[in-house]
Structures are given as structure tokens and as C-alpha cells.
Amino acid sequence: MNASPSPSVPPAGSAGPDALRTLLERPLPAVMGVLNVTPDSFSDGGNFIAPDQALARAQAMIEAGVDIIDIGAESTRPYKGAQPVTVADELARLRPVLSAIVALGVPVSIDSMKAEVVAFALDQGVAIANDVWGLQRDASMAPLVAARGVRVIVMHNRDSVDSAIDIVTDMKAFFLRSLDIAAKAGIAREKIVLDPGIGFGKTAEQSMIALARLRELDMFGLPVLVGASRKRFIASVSPSEPKERLAGSIAAHLIAAQKGAKIIRTHDVAETLQALRVANAIESKQ
């Protein structure tokens, strides 16, 4: 499949041509719900790979108040064990369910590092491209995003962990490269969201440092997404399995919100949204 734009495709976006603009202008962070149609994602692999299960999960997240649904068909788990899949594999998992999820009316993002997969998703009305390699892995990604005029989430990543580096300095250098790629491709700067990539190419300590120093990303003047949900760094503080990390996930996400994150990506929509609303209500009384 050619990743170049099709002139017959209407503007992407299940909630308008720029589904994120209104959400990013709110005082409360937008909540992005994770929907993995994969057999091997680290927390919920296999739970929603059947189309009826995926659709039911999307509907449940909407009932819980989700702002964005992030659907992925390849596990990008941030440590060893994920099985690489082909474009055909991802498309086979997405075709039976993607258009039905978009039709539910909530903005949808596509979590893929492959431009061909993103192009297919945009054809179905998906509003946001979520690239875990920050436009630096697939050379066709940036031109595709530019041509379609959609929002793109640029995540920091590394091929290997290096405990000796200053991870925030590394993140800044990575984002500068991504922004240069984006500018050369013609992606409008206001279409970009940055993601520090908690758990990806980082030690547990580096993930916590990235959260603690999140405000340093303000230098880019761009909205920031944080996805700390069920990540392994939580277990380094409080030993636990992925599904036992709700409290740690909420703690990390509340800190991220306090430090300016505009989107929180989570497996646990209702609980995260409640925590954000309560924290915001308390802070408003100061």
C-alpha cells in the first residue's frame, strides 16, 4: 500500500478537522484511553484482539468519559518480549474494527510506527498519528503527516538503555531532530505533541527523572502527553504486576498533570479521570 495521501479522502478526524484543539485548551488534561488489538501487549495482550471485544472496550471507555481512544495493532511494549509484526499483520487486526470505533464519535489516534498503517487509519477517519519513534524510524511518516494535515504525537525512544546518560538531555536532542524532520516535511509546528516515552529506552530511574523534570520540555512550547500507565518503573518502587499498578499509575499521572502535561494516556480511564478531576477541584480552591 502506498503511504502517500489520497485526494479522495476527506479530512481526517472523527470529531472535526482538528480533534485535539478544544481538548488542549481545557484546564484539565485530556484522557487518552489505550486500546491494544494485539496478542502480546505487556498489560492487556490478547484481551481485545477480537473485533467485538475491541468495540466493547471502546464503548466502555467512552461511557467512562474518555477524550481520545488510542488504538494499536503492534505491541510496542517498552522492554523485551514484543513480537515485531508486518504491515499486513497490523492491517488485518485493524480492518475488522477501526471504522466502527471511529464511528463512535470520539477522536481516535493510531499507535503505529509504520506510515502505511497510519495512512490506512487516516483513510478510516482517524484524527491523530501516534509515532513511538518520533518521525525518526519510517522516512515516509513525516511526509504523510504533513500531507494529511493531522496532529502527530512524537515520542522519545532509544534502541538501547544507557543508565549513564542524562535522559532529559537525550530527550531534548531527540525532539530537536524530530522537529527538524517535521519542519523539513512541512508539518505545521502547532500540529505536534511531544511524549517523553516513559519506560521506552530508559531505566526505571530515568523514567522517574523524565517525569520529575517534565517542565524542561516547556522549552519547545508544545503540548506534552504522558503515558505512565502500568509501566515497570512503578514496580521498582513498589513490587507489582502490570494490573496491580493502578495507584502508582495515578500518582505518576497526577504529578505529570501538575507539571503541565496536556494529555494523559492510560489503561484505566474512569479511575484516572476521577483522580484528575478531584485534584483539579482541590487546586481550584487555593
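It should be emphasised that the depicted structure is a prediction, and the values quoted were computed from it without experimental measurement.

Undergrad: Explain the pairing of strand β2 (residues 68-72) to me, using residue names and the numbers behind them.
TA: The element β2 is largely enclosed, with a buried count of 5 among its 5 residues. Of the two faces of β2, the one carrying Ile68, Asp70 and Gly72 and the one carrying Ile69 and Ile71 are both buried. Relative to β2, strand β1 (residues 30-36) runs parallel, the two being bridged by 5 bridges. Bridge pairing links Asn36 to Gly72 in β2.

Undergrad: Run through the packing of helix α5 (residues 115-123) against helix α6 (residues 141-148), naming residues and quoting values.
TA: The N-to-C vectors of α5 and α6 enclose an angle of 20°; their axes lie 9 Å apart at closest approach. The pairing of α5 with α6 is recorded here as roughly parallel in orientation. Remark: the crossing between α5 and α6 carries right-handed chirality. When α5 is examined against α6, the residues Ala115, Val118, Ala119, Leu122 and Asp123 are found in contact with a partner set consisting of Met141, Leu144 and Arg148. Here the residues of the contact of α5 with α6 sort into 6 nonpolar, no polar and 2 charged.

Undergrad: Please provide a residue-by-residue account of the confidence of the model for the protein chain, values included.
TA: In regions of low pLDDT, the predicted coordinates are not meant to be interpreted in detail. The share of residues in the protein chain with pLDDT of 70 or more is 88%, and the mean pLDDT across the chain is 90. Counting contacts from residues 1-14, a segment whose pLDDT is below 50, to residues more than four positions away or on other chains yields 32 contacts. The low-confidence segment residues 40-46, where pLDDT is below 50, has 28 contacts with residues more than four positions distant or belonging to other chains.

Undergrad: Got a sec to walk through the nonpolar core? Specific residues and values, please.
TA: Counting residues in hydrophobic clusters, the biggest one holds 66 residues, and the most contacted among them are Ile71, Ile192 and Val226. Ignoring anything within four residues of it in the chain, the contact list for Val226 reads Pro196, Ile198, Leu211, Leu214, His253, Ala256, Ala261, Ile263, Ile264 and Arg265. By size, the runner-up hydrophobic cluster in this structure holds 12 residues, among which are Leu24, Ile68, Leu225 and Ile263.

Undergrad: How would you explain the environment of Ser75 if you had to name every residue and give the values?
TA: Position of Ser75 among the secondary structure elements: in the loop between β2 and α3 (87-94). A C-alpha to C-alpha distance of 9.3 Å links Ser75 and Ser112, two positions 37 residues apart in sequence.

Undergrad: Hey, could you go over the pattern of salt bridges for me, with residue numbers and the actual values?
TA: Where side chains of opposite charge bring their charged atoms close, a pairing between them can arise. Throughout the structure, instances matching the rule amount to 14 salt bridges. Two residues, Asp70 and Arg265, come together in a salt bridge whose shortest N-O distance is 2.8 Å. Taken together, the positions of Asp70 in strand β2 and Arg265 in strand β8 (residues 263-266) put the pair 195 residues apart, joining distant regions of the chain. In this pair, the class of Asp70 matches that of Arg265, namely buried. Glu216 is the partner of Lys172 in a salt bridge, and the nearest nitrogen-oxygen pair spans 2.8 Å.

So, how was this worked out
- Residues numbered from 1 in each chain as written.
- Predicted model: local features only at pLDDT ≥ 70, side-chain atom pairs only at ≥ 80, totals over all residues.
- Heavy atoms only, no water.
- Buried < 20%, exposed > 50% of the residue type's maximum accessible area, 1.4 Å probe, protein only.
- Helix = DSSP H or I, 4+ residues; strand = E, 2+ residues; numbered from the N terminus.
- Pairing = 2+ DSSP bridges.
- Axes fitted to C-alpha atoms, helices over the stretch in contact; angles between N-to-C directions.
- Parallel < 35°, antiparallel > 145°, perpendicular 65-115°, else oblique.
- Left-handed = near helix turned anticlockwise from the far one by under 90°.
- Contact = heavy atoms within 4.5 Å.
- Nonpolar A, V, L, I, M, F, W, Y, C, P; charged D, E, K, R; others polar.
- pLDDT = per-residue confidence, 0-100.
- Core = buried A, V, L, I, M, F, W, Y, C linked by side-chain atoms within 4.5 Å.
- Salt bridge = Lys/Arg side-chain N within 4 Å of Asp/Glu carboxyl O.

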